[in-house]
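# Structural overview
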Amino acid sequence: MKTLKNIHSLPRAISKLGYCSRSQALQLTLAGRVKVNSKICRDPHRRVDLSKDKIEIDNQVIQPAEKIYIALNKPRGLVTTLNDEKNRETVYKCFKNKIHSYIFPVGRLDKASEGLLLFTNDTDFAEKILNPENHIEKTYHVQINKKLDDTIIDLIRKGVKDKDGEILPVKSIKILRIGQKNCWVEIVLDEGKNRHIRRIFESLGIEVLRLIRTAIGNLELGDLKKGEFRFLNENDLKRIFAR
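Residues numbered from 1 in each chain as written. Predicted model: local features only at pLDDT ≥ 70, side-chain atom pairs only at ≥ 80, totals over all residues. Heavy atoms only, no water.

## Regarding the packing of aromatic side chains
What counts is decided by this rule: Any Phe, Tyr or Trp ring, taking Trp's six-membered ring, that has another such ring centre within 6.5 Å forms a pair; planes under 30 degrees apart are called stacked, those over 60 apart edge-to-face, and the others tilted. Note on conventions: DSSP H or I runs of at least 4 residues are helices, E runs of at least 2 residues are strands, and numbering of each starts at the N terminus. Partly exposed residues are those whose accessible area sits between 20% and 50% of the maximum for their type, while under 20% is buried and over 50% is exposed, using a 1.4 Å probe and protein chains only.
In the structure shown here, the tally under the stated rule is 8 aromatic pairs. Ring centres of F95 and F229 lie 5.1 Å apart, and the angle between their planes is 65°; this geometry places the pair in the edge-to-face category. Taken together, the residues F95 in the loop between β7 (69-74) and β8 (104-105) and F229 in strand β17 (residues 229-231) connect sequence positions 134 residues apart. Comparing F95 with F229, the two get one shared label, buried. Ring centres of Y102 and F104 lie 6.0 Å apart, and the angle between their planes is 40°; this geometry places the pair in the tilted category. A single burial state applies to Y102 and to F104, both of which are buried.

Here is the structure:
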């Protein structure tokens, strides 16, 4: 029986099977390397039913890949992408010669940011985390170049407006420790816009010195060293979605 959950465009179906990214699947399709039910298909808009249609790439039937879930402690200086047009080092450097299956990042951390970054080949899992309606909390420790007072803390709690007039809300903020010229704060977001935290402090004329994501849901970075990763088990996955 057909269900909407099983029916996708051809590139998305290939991605759902964990073979490669949707953009890579599009190129394979246009190159005539993909067959659907034993016939070459170059139409990326072709709808296929994963419950019954046979998909082949280079004459090899594609089977659903074993689901993989990984936590990486992303180092500063790496970009979160598979291929970078500026030839900068990417997060995939951390998996070189260690992970041979196709995986993709769940969301991203910008080049200057560090900390917990998830990877998977499970598109449903990724979509569940990234869907803003699910309000999956993400916790960050942020070092800034000044001490915060109660006035600024209250302003951030209420939601800072950036230069384009967009309100940037936070779930919570608290001071972790204060130095002579800077301080560390913990910020929790349950929705994430591009460069969300950096834009908050830019709007307040405050420089972010370090930004580290320490948790997604109740899954913490823990003692994972920079550049190292670990596979997640069922209990880890439950912690991400636990309320």
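## Quick notes on unusual backbone geometry
The backbone phi angle of D58 is positive, close to 50°, even though this residue is not glycine. Structurally, D58 can be placed in the loop between β5 (55-57) and β6 (60-61).

## Brief notes about the side chain of K74
To be explicit about the condition: Charge counting treats Lys and Arg as positive and Asp and Glu as negative, with His and both chain ends excluded. We define a salt bridge as a side-chain nitrogen of Lys or Arg found within 4 Å of a carboxyl oxygen belonging to Asp or Glu. By the criterion applied in these results, polar contacts are pairs of N or O atoms within 3.5 Å in which, for protein atoms, one can donate a hydrogen and the other can accept it, and in which residues neighboring in sequence qualify only through two side-chain atoms.
For K74, the location among the structural elements is in strand β7. One buried charge, K74, has no salt-bridge partner; the nearest side chain with opposite charge is D110, at 5.9 Å. For K74, the side chain forms a polar contact with the main-chain oxygen of L78, separated by 2.9 Å.

## So, the pairing of strand β9 (residues 114-120)
Spelled out, the test is: For two strands to be treated as a pair, DSSP must find at least two bridges joining them.
The buried fraction of β9 is high, at 7 of 7 residues. The pairing of β7 with β9 spans 6 bridges and is antiparallel. Considered in β9, the bridge of A71 is made with L118. Here β9 runs beside strand β15 (residues 208-216); their pairing, made up of 2 bridges, is parallel. What sits directly across from G115, in β15, is R213.

## As for the nonpolar core
We apply this condition: For our purposes a nonpolar core is just a set of buried Ala, Val, Leu, Ile, Met, Phe, Trp, Tyr and Cys residues, chained together by side-chain atoms within 4.5 Å. The contact rule is simple, with two residues in contact once any of their heavy atoms fall within 4.5 Å.
Counting residues in hydrophobic clusters, the biggest one holds 53 residues, and the most contacted among them are L118, V142, L148, F201 and I240. Setting aside residues no more than four positions away along its own chain, L118 makes contact with I70, A71, F104, P105, V106, F125, I129, I216, L219, L232 and I240. Listed in part, the 14 residues of the second largest apolar core include L10, A13, V36 and I57.

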